[in-house]
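So you can see what is in the structure, the chains are spelled out below.
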Amino acid sequence: MRSFETNVQELRAKVLREVAKLVWEDNLVGGMMDIQEKIVPGPEATMRCCIYKERAIIGDRVKMALGGDKFNPAVVEVLPIACDECPVTQITVGPACRGCIATRCVHTCPKGAISIVNHRARIDHSKCITCGKCLSACPYGAIIRNRRPCELGCKGDAISMGPDKKATIDASKCISCGTCINQCPFGAISDKSFIADAIHMLQGTRKWGYTVYAIVAPSIAGQFNPASLGQVVTGLKKLGFEDVIEVALGADMVAKRESGELLEKGQLASSCCPAFVSYTTKNFPELAEKLISETPSPMVMTARYIKNLHPRAKVIFIGPCVAKKHEFQLGKTMGAVDCVLTFEELWALFESRDLDLTALEPAQLDEASGFGRSFAYSGGVTAAVAEALKEKKTDFDLKAAPCSGIDACKLAFLKLSKGVLDANFIEGMACEGGCVQGAGCVIRSPQNKSAVTQYAKNAGERTIESAVATATDAITGKK
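Residues numbered from 1 in each chain as written. Predicted model: local features only at pLDDT ≥ 70, side-chain atom pairs only at ≥ 80, totals over all residues. Heavy atoms only, no water.

**Comments concerning the overall build of the protein chain**
Phase 1 of the analysis: A count of helical and extended segments in the protein chain gives 22 helices and 15 strands.
Phase 2 of the analysis: In terms of overall size, the protein chain behaves like a compact globule, its C-alpha atoms giving a radius of gyration of 25 Å where 479 residues would be expected to give roughly 23 Å.
Phase 3 of the analysis: Across its three principal directions, the C-alpha atoms of the protein chain cover 85 × 65 × 35 Å.
Phase 4 of the analysis: Looking at the protein chain as a whole, 53% of its 479 residues are labelled buried.
Phase 5 of the analysis: Looking at the protein chain alone, contacts between residues at least 24 apart form 75% of all its contacts between residues at least 6 apart.
Phase 6 of the analysis: Surface exposure of the protein chain reaches about 21,900 Å², of which carbon and sulfur atoms provide 51%. (Helix = DSSP H or I, 4+ residues; strand = E, 2+ residues; numbered from the N terminus. Rg over C-alpha atoms; globule rule 2.2 N^0.38 Å. Buried < 20%, exposed > 50% of the residue type's maximum accessible area, 1.4 Å probe, protein only. Contact = heavy atoms within 4.5 Å. Areas by Shrake-Rupley, 256 points an atom, 1.4 Å probe, with all protein chains shown as cover.)

**Here we look at the nonpolar core**
Phase 1 of the analysis: In this structure, Leu236 and Ile318 are the most contacted members of the largest nonpolar core, which totals 101 residues.
Phase 2 of the analysis: The dominant element in this core, judged by the number of residues it contributes, is helix α1 (residues 7-24), at nine residues.
Phase 3 of the analysis: Core analysis: the second largest hydrophobic core is formed by 25 residues, Phe284, Ala401, Ala423 and Ala430 among them. (Core = buried A, V, L, I, M, F, W, Y, C linked by side-chain atoms within 4.5 Å.)

**Focus: helix α19 (residues 380-391)**
Phase 1 of the analysis: In this model α19 runs 16 Å from its N-terminal to its C-terminal C-alpha over 12 residues, within 8% of the 16 Å that 1.5 Å per residue would give.
Phase 2 of the analysis: Those residues of α19 not exposed but buried are Gly380, Val381, Thr382, Ala384, Val385, Glu387, Ala388 and Leu389.
Phase 3 of the analysis: One or two steps after α19, the chain reaches Lys393, where phi turns positive at roughly 60 degrees. (Expected span 1.5 Å × (residues − 1).)

**Looking at the confidence of the model for the protein chain**
Phase 1 of the analysis: Across the protein chain, the average pLDDT comes to 93, with 99% of residues at 70 or higher.
Phase 2 of the analysis: Per-residue pLDDT, averaged within each element of the protein chain, yields its smallest value for helix α10 (residues 205-208) (86) and its largest for strand β9 (residues 212-216) (98). (pLDDT = per-residue confidence, 0-100.)

**Thoughts on the pattern of salt bridges**
Phase 1 of the analysis: Inspection of the entire model under this criterion finds 19 salt bridges.
Phase 2 of the analysis: Here Lys325 ties to Glu345 by a salt bridge, and the two come within 2.9 Å at their closest N and O atoms. Placement of the pair is Lys325 in helix α16 (residues 324-327) and Glu345 in helix α17 (residues 343-352), with a sequence separation of 20 residues.
Phase 3 of the analysis: Residue Glu345 is classed as buried on the basis of its relative accessible area, which comes to 2%.
Phase 4 of the analysis: Between Arg373 and Asp366 there is a salt bridge whose closest N-O contact spans 3.4 Å.
Phase 5 of the analysis: By relative accessible area, Asp366 is classed as partly exposed at 32%.
Phase 6 of the analysis: If you follow the salt bridges from partner to partner, you end up with Glu246, Asp366, Arg373 and Arg462 in one network. (Salt bridge = Lys/Arg side-chain N within 4 Å of Asp/Glu carboxyl O.)

**Regarding the pairing of strand β13 (residues 339-342)**
Phase 1 of the analysis: Covered by surrounding structure in β13 are Cys339 and Leu341 together with Val340 and Thr342, the residues of both alternating faces.
Phase 2 of the analysis: Here four bridges tie strand β12 (residues 314-319) to β13, and the two strands are oriented parallel to one another. Along β13, the bridge assignment pairs Ile318 with Leu341. (Pairing = 2+ DSSP bridges.)

**Focus on the sheet that holds β9**
Phase 1 of the analysis: The four strands are arranged β10-β9-β12-β13 in an open sheet whose pairing can be described as parallel. Both edges of this open sheet fall to β10 (243-246) and β13, since each of them pairs with a single strand only. Geometrically, the sheet is characterised by an average inter-axis angle of 25 degrees between neighbouring strands, direction not taken into account.
Phase 2 of the analysis: Where β9 and β10 come together, four bridges link them in parallel fashion. Bridge assignment links Val216 to a residue of β10, and that residue is Glu246.
Phase 3 of the analysis: In this fold helix α12 (residues 247-265) packs onto β9, β10 and β12, with an angle of close to 35 degrees to the strand it touches most, β10. (Axes fitted to C-alpha atoms, helices over the stretch in contact; angles between N-to-C directions.)

**Concerning the packing of α12 against helix α15 (residues 298-309)**
Phase 1 of the analysis: In contact at an axis separation of 7 Å, α12 and α15 are set at 110 degrees when each is read in the N-to-C sense. Viewed along their axes, α12 and α15 adopt a mutual orientation that is roughly perpendicular. Of the residues in α15, those touching α12 at Val247, Leu249, Gly250, Ala251, Met253, Val254 and Arg257 are Pro298, Met299, Met301, Thr302 and Tyr305.
Phase 2 of the analysis: Tallied by class, the residues present in the contact of α12 with α15 amount to nine nonpolar, two polar and one charged. (Parallel < 35°, antiparallel > 145°, perpendicular 65-115°, else oblique. Nonpolar A, V, L, I, M, F, W, Y, C, P; charged D, E, K, R; others polar.)

If you want it as structure tokens, here you go:
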């Protein structure tokens, strides 16, 4: 199967694979302590200062693979023992310092932390409060603020350096986008996994008499190359899933309903991306309450569709999104989706059962329209809503603002708050490029969009209305 983008992802996936193997074998308690030595056999360290630290970090990863800190409401957590390689001195004097006689940096510092030694500015970090005033005071730009990759990547300003000089996450600001997970070069930040819960659900079908359905996000296209999507579907059934349903079908339902909501309200913001919804709710609460669509996300719509057909079914969402792990536990969506896995975790599941996807006969996955499948990349929701309006035969003048990434979403809402946004529909995507670049992807690449584009084309001439009508007929029993 396709290799991972970084060694950090590979290490994370190895831990998930070993945990999954033990859960399948019902040997978690007996074998859990052996995972550290299996992944870090020694005797020489390959990643850290010593094998003992490497093994301790693996131990923390095992804990995250089993759901992490149960008392921490956040989906994303810092592994403190792994967070120690970043520079802790945030403000430093760089080589551009000329030792000028104006010494604006000295005069602007409110704590007297800067002095001139041997014709160069020097910062006493025991006094520095990292206010940053000296940065703008220096005419040479010689004073530099060093920010950790996780801090730079966090658009919700939820990450800061704690008293112990380790990263800390403010759960009240975190939007669970998962950007920090991929930004940290040492893998010191991770999302909680529910892979053990998923396996237990699959194992319980015979004992408890329910069935388990996998619903897959459209961004799955191309994620498991060289295996085809049809072979991935067969692989899921080999794992024990009763059937596999496209979340793109739920996206068609969302496009139909959101277009109607837009006609009714005149102005709307999409509700598909939970990280975008969380960001706007926390930072623009009044606008979010007024504008965020009341239509559930495609994940929830698909799950409800299945449970209308099969009331005793369990539904596991599989996608690129860490924020979905938070969404499925919300009160307004609880009961629709029973578990969430990322593509990385699905890779671990396949590996834990020694499944060679390329050797499997492909199965069909063909329920949604191309517009529903296009929800996976930025601009796709807008295109689907435009198509749904067209199919309604309305003359509504759609003025859309597709926002790729939180910075773009923030700018749109700032303009909206000042009354200068010329748009009546805001499509918000927390990940730049859309779900095809989600934190839970096996690889984030420009090719991901190309794979989904081809996947959308494979839907042919199927319309949003026909896809939704077929699904509705399945629920009502019509033929």
